[in-house]
Amino acid sequence: MTQPYVTLEIKNEVGYIEFFHPAHNSLPGDILAKLANTITEAGQNDAIKVIVLKSGGDRTFCAGASFKELISINDAATGKVFFSGFANVINAMRKCPKFIIGRIQGKTVGGGVGLAASTDYCMATTFAAIKLSELNIGIGPFVVGPAIERKMGLSAMSQIAIDANSFYPAEWAKQKGLYTHVYESTEELDDAVKTTAEHLCTYNTEAMLEMKKVFWKGTDDWDELLAERAQTSGRLVLSDFTKEKLKTYK
């Protein structure tokens, strides 16, 4: 399938949420909005005990925000709305009363690293290298930064944010706490994700909800914080530096 989509499939009490976009799973605003809504709905669906977040395609989990949309931003208000896309997905994951398992089958960039960091338990393949490339175009990983810092620590987050040209291998991301396990193949990853998710379904849902609250302690201000960060990115994307830089991507 080459059309962008967000789907929810329920198997054995596990809700599998899958997103896809033909441009390396880079996500435009409408797909991000649909993803946030789907996560919220899955959280409220009693037929689902555990959620798996995954993307279509083989080698790229998520290439971040849509460059096509980014290039077309001409005012700060539009910029804020654009950067709020990932903020809304991260907040939906944070508030979701169920554990979310991340299935990261390939490279993940920018906002995609934020999605991986916002899962409660993240499993990957050896191909799932990560990169925060925002500084390259004159902005920064402001919206996804809190999620990445929460999972990997300020030191690791600032390292990849400053070294904006480099992909860091999946094994490095595992050492820093982003991934729990790294597998040699997508088949092994899928087996492990299925086993883990279905096993979690046998646990007390109330206990998992209370654990989730503990895991996300101290993030109650993220609705405001991520909105402020989106405003910062929305302002910076209008800078002469970024406008000139984005022209090279057209």
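Rules and cut-offs
Residues numbered from 1 in each chain as written. Predicted model: local features only at pLDDT ≥ 70, side-chain atom pairs only at ≥ 80, totals over all residues. Heavy atoms only, no water. UniProt positions renumbered as here; feature names shortened; annotations may be inferred. Helix = DSSP H or I, 4+ residues; strand = E, 2+ residues; numbered from the N terminus. Buried < 20%, exposed > 50% of the residue type's maximum accessible area, 1.4 Å probe, protein only. Contact = heavy atoms within 4.5 Å. Patch = residues over 30% accessible without salt bridge, like charges linked within 9 Å, V, L, I, M, F, W, Y side chains within 5 Å. Areas by Shrake-Rupley, 256 points an atom, 1.4 Å probe, with all protein chains shown as cover. Salt bridge = Lys/Arg side-chain N within 4 Å of Asp/Glu carboxyl O. Axes fitted to C-alpha atoms, helices over the stretch in contact; angles between N-to-C directions. Parallel < 35°, antiparallel > 145°, perpendicular 65-115°, else oblique. Nonpolar A, V, L, I, M, F, W, Y, C, P; charged D, E, K, R; others polar. Pairing = 2+ DSSP bridges.

If you check an unreviewed UniProt entry, the protein appears there as Enoyl-CoA hydratase/isomerase family protein from Psychroserpens algicola. Per its UniProt entry, the protein bears the Sequence similarities (unreviewed entry) comment "Belongs to the enoyl-CoA hydratase/isomerase family."

A.B. asks: Would you take a moment to explain the environment of glutamine 159 for this structure?
C.D. replies: Along the chain, glutamine 159 falls in helix H6 (residues 154–162). The partly exposed category is assigned to glutamine 159, whose relative accessible area is 34%. A C-alpha to C-alpha distance of 25 Å links glutamine 159 and aspartate 223, two positions 64 residues apart in sequence. Sequence-distant contacts of glutamine 159, that is, excluding residues within four places in its chain, are made with Tyr168 and Trp172.

A.B. asks: Would you explain a nonpolar patch on the surface in this entry?
C.D. replies: Together, Met211, Val214 and Phe215 make up a nonpolar patch on the protein surface, roughly 280 Å² of accessible area in all. Looking at the element boundaries, methionine 211 is found in helix H9 (residues 205–215). Relative accessible area serves as the criterion here: at 40%, methionine 211 is assigned to the partly exposed category.

A.B. asks: What's the story with the packing of helix H5 (residues 145–152) against H6 in this structure? I'm lost.
C.D. replies: What describes two packed helices is the angle between their axes and the distance between those same axes. Here H5 crosses H6 at 130°, and the two axes come no closer than 7 Å. In terms of their interaxial angle, H5 and H6 are classed as oblique. Note on element contacts: H6 touches H5 through Leu154, Ala156 and Met157, opposite Gly145, Ile148, Glu149 and Met152. Residue classes in the contact of H5 with H6 are distributed as five nonpolar, one polar and one charged.

A.B. asks: Help me understand the pairing of strand S1 (residues 5–11), please; the structure alone is not making it clear to me.
C.D. replies: Where S1 and strand S2 (residues 14–20) come together, seven bridges link them in antiparallel fashion. Considered in S2, the bridge of leucine 8 is made with isoleucine 17. Counted along the chain from S1 to the antiparallel partner S2, the turn is two residues long, and its residue asparagine 12 has a positive phi close to 50°.

A.B. asks: Could you clarify how one ought to interpret the pattern of salt bridges in this entry?
C.D. replies: Opposite charge on two side chains lets them pair, provided their charged atoms get close. Going through the model one piece at a time under the given rule, you end up with 11 salt bridges. Its salt-bridge partner being lysine 54, residue glutamate 18 comes within 3.6 Å of it at the nearest N-O pair. Here glutamate 18 is found in strand S2, whereas its partner lysine 54 is found in strand S3 (residues 50–55), with 36 residues between them in sequence. Taken as a pair, glutamate 18 and lysine 54 share a single burial class, namely buried. With a closest N to O distance of 3.5 Å, lysine 194 and glutamate 198 form a salt bridge. Of the two residues, lysine 194 and glutamate 198 both sit in helix H8 (residues 186–200), four residues apart, roughly one turn of that helix. You can call lysine 194 partly exposed: its relative accessible area is 41%. We classify glutamate 198 as partly exposed; its relative accessible area is 22%. One continuous salt-bridge network, built from bridges that share partners, spans Arg94, Lys95 and Asp223.

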